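# Fold and contact review
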Amino acid sequence: MFDGIGTAVAALAQPDVVGIVLLASVIGLVAGVLPGLGNVQAMAMALPFTFGMDRVSAIYFLSAICASATFGGSVPAILINVPGTPASAATTIEGYPMAKRGEGNRALAISATASVMGGLVGIGVLVVSIPFVKWAALLFGPPETFMLVLLGLITIAYAIQGNIIRGLAISGIGVLLSLIGYASVTGVYRFSLGSKHYLWDGIEQVAFLTGVFGLSEAIQLGMKGRVVAHAEEVALGGFHGTLQGIIDTFRYPLTFVRSSVIGVIVGIAPGVGGSVSNVVAYAMTAQISKDPLIGKGSVEGLVACESANNATYGGDAIPTLAFGIPGSLAMAILLGGLNLHGVPVGPWLMREHMEIVWVVVFGLLAGTVVSCVGGLLLARWLARITLISTSLLVPTIVVLILTGAYAIRQNFWDVVVAILSGIFGYFLTRHGFSLLPLIIGFLLGAVAEQAFIQSLHISEGSLSIFFSHPLSLLLFLGVVATGLYPVFQRLVVKGVL
Amino acid sequence: MRKLSEGRIILLILLLGCALYFVFAGLGYGRNSRLFPVAVGTVTAVLILLDLASLWASGLVSRTGVGAGGSGRTEVPSLTEREEVGYSGARLMRMVGWLLGSALGVGLVGFALTVPVFIVSFGRVEGRASWVACLLTAVVFFIFIVGYFEFFMRIRMFRGVLFGDLLPLI
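A brief structural summary. (Residues numbered from 1 in each chain as written. Chains lettered and ligands numbered in written order. Predicted model: local features only at pLDDT ≥ 70, side-chain atom pairs only at ≥ 80, totals over all residues. Heavy atoms only, no water.)

### Quick notes on the interface of chain B and chain A
Contacts between the two partners involve 84 residues from chain B, matched on the other side by 84 residues from chain A. Between chain B and chain A the total buried area reaches about 7,200 Å² when both faces are included, carbon and sulfur atoms providing 74% of it. Three residues stand out in chain B for area buried against chain A, namely F36, L99 and I170 of chain B, and they jointly supply 10% of the buried area on that side. Inspection of the region where chain B meets chain A yields one salt bridge. Applying the counting criterion to the chain B and chain A interface returns 11 residue pairs in polar contact (both at pLDDT 80 or more). For the side of chain B that touches chain A, the elements supplying multiple residues, two or more each, are helix 1 (2-26), helix 2 (31-58), helix 3 (79-82), helix 4 (89-127) and helix 5 (131-152) of chain B. Among the elements that take part in the side of chain B that touches chain A, helix 4 of chain B stands out by supplying 18 residues, more than any other. Looking at side-chain class alone, the side of chain B that touches chain A contains 52 nonpolar, 21 polar and 11 charged residues. (Contact = heavy atoms within 4.5 Å. Buried area = accessible area lost by both parts, 1.4 Å probe. Salt bridge = Lys/Arg side-chain N within 4 Å of Asp/Glu carboxyl O. Polar contact = N/O pair within 3.5 Å; in protein donor to acceptor, adjacent residues only side chain to side chain. Helix = DSSP H or I, 4+ residues; strand = E, 2+ residues; numbered from the N terminus. Nonpolar A, V, L, I, M, F, W, Y, C, P; charged D, E, K, R; others polar.)

### With respect to the pattern of salt bridges
All chains considered together, the criterion is met by 11 salt bridges over all chains. Across the pair E126 of chain B and R94 of chain B runs a salt bridge whose closest N-O atoms are separated by 2.9 Å. Classification of R94 of chain B as partly exposed rests on a relative accessible area of 44%. E150 of chain B is paired through a salt bridge with R159 of chain B; the nearest N and O atoms lie 2.9 Å apart. Among the residues examined, R159 of chain B registers a relative accessible area of 32% and is labelled partly exposed. Beyond isolated ion pairs, a larger network of salt bridges with shared partners links R101, E103, R106, D248 and R251 of chain A. (Buried < 20%, exposed > 50% of the residue type's maximum accessible area, 1.4 Å probe, protein only.)

### Quick notes on the packing of helix 3 (residues 39-46) of chain A against helix 9 (residues 205-223) of chain A
All names here are of chain A. Two numbers describe how helix 3 lies on helix 9: the axes approach to 9 Å, and their chain directions differ by 125°. One element, helix 3, and the other, helix 9, form an angle in the oblique class. Here helix 3 and helix 9 pass one another in a crossing that is left-handed. Residues V40, Q41 and A44 of helix 3 form the contact with helix 9, whose own contacting residues are L209, T210, F213, G214 and E217. Residues belonging to the contact of helix 3 with helix 9 are distributed by class as follows: four nonpolar, three polar and one charged. (Axes fitted to C-alpha atoms, helices over the stretch in contact; angles between N-to-C directions. Parallel < 35°, antiparallel > 145°, perpendicular 65-115°, else oblique. Left-handed = near helix turned anticlockwise from the far one by under 90°.)

### What to know about empty space enclosed by the protein
Gaps between atoms show up when a probe of the same size as a water molecule is rolled over them. Here the structure, examined in full by the defined rule, presents six cavities of 30 Å³ or more. If you add up the space inside the second largest cavity, you get close to 60 Å³. Counting only elements with at least two residues in the lining of the second largest cavity, the list comes to helix 17 (390-409) of chain A together with helix 4 of chain B. Tallying contributions element by element places helix 4 of chain B first for the lining of the second largest cavity, with six residues. Residue composition of the lining of the second largest cavity, by class: seven nonpolar, two polar and no charged. (1 Å grid on protein atoms, 1.4 Å probe; cavity = no way out; pocket = protein on both sides within 12 Å on 5 of 7 lines; lining within 4 Å. Points joined across faces, edges and corners; volume = space filled by probe spheres on them.)

Following this line, the structure appears as structure tokens:
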């Protein structure tokens, strides 16, 4: 279980890695504060910049950004009633009334403490689960891997998209796009549209990811008004409020534990993240709590929101690291980072690269702690970032993404791919398609094909291999059950069953 | 709403064309090479056709409706359903134009010139940001990009075809 932990800890003791984690936390914090941006966009923009880093530093960088944006989103949610990220939506209900009462610092301290504690619970669950998922990962051969990818795609298509047909269709497009170029498993060069050079290696993953997530967001921001947020700033209160807030968090241990568990469970479920856990944990607390201030600036309500959304990352990381099925968009980008740095994703990650698993664990932990401490100290100034004009924010996002897309392979056409991907991503979002099934299909398509072809080689061309292995059969039944569940649900709704 | 419906149908037709390309192009490869893409392409095309059929059958895009094979869950809302404000076709075309213009700029004169010009021109034209803010942002990003990529990472950024760099072969 603890193999590889030494490498991760030793790296974190290096001054340059400490600097990278601090920088990542600031980037995540700022992205979290800015409404419209979040950890997904920050990670997408930062991904190309990890190209010059070694593998461990790069994964520390991305993990820390991933964790730090959530608290960043809570700062404007509390101080100006504008959630910086969707994961802080419910935070506004309790945080902003507290700030209006002149208890801004107290609310921020509750948010920071609950975030750290929630993050610790999530990461704790991740660590405890490592031996079990590592053991499970050893059971995966090619047929099981293929069925797992299929199950992941169909689950995410249902969980995220809501319409399983549309979700699967868009993940199918992602899989097909991943098949462009040289197929190592068959040694054939495919689907190049006549391109003899550029598409030899397929569509560049970083250009595609940064375009789909970053540039599509830039287009959306550009379509909005001139300033990211307009709101009345409120009083923070003194340092006494900060101390009071830290103590307050420990007055509601049951709320904290319940909300953190909700956060972890929501995180493990594929495709749903902090935006759901934040609301679910708050709604449950609002129903149970006897606090008369619920909805008007309740400490208990704030503890619930903030512990849940940060606990989600630990849960998100479990399917991502164990099976290569990302639990959220941020984890999909992290998988892209692992691919970029030559780390194989899928069940074999835990067999061969346990140090990377620990790097993600410590990166998430460090990002949470640094961002919360930094956020408390810099809250007053961070809230002002939301007043940045989009007319300056949009071109800077575009410039970062285009230069980053170019830098990976130093090929001008990657810039064009990033732009086309951004426009494609924008239209998909505009017309009700979720980007997660597309990206997961794109990231796992080649893995699925390799597992599929290898399985057929083992069985000498017989598809029975997918049903003769017990685990593969179990996963297949999971695929069928997930596929039929919406039909069953409709029949129940119509009263047929 | 009607525009949104039409847009979604057009998008689905384009995706259908994409899936069919993989099916028919895939048929030209050997058995092992075509098996997976043809299977995935066929399934994807069928799913897109089902989605299209559900759109046509309902006559309009339902806000919370369940398409063929849909669930009782609320579907992912489209942008216009989430954000009624701020959308205009002309503005979208302008944004796309800026992006394509930036690629054209990089292709012609490279990153070093395009980055500051793009930041200043976008800031001034789209948001009427102050000259000082635009110039300051442009200078900071110019220094960051040249400093980080050219000096720290030792990556030679594209200079543009007008300054002697050749576009790589497609």
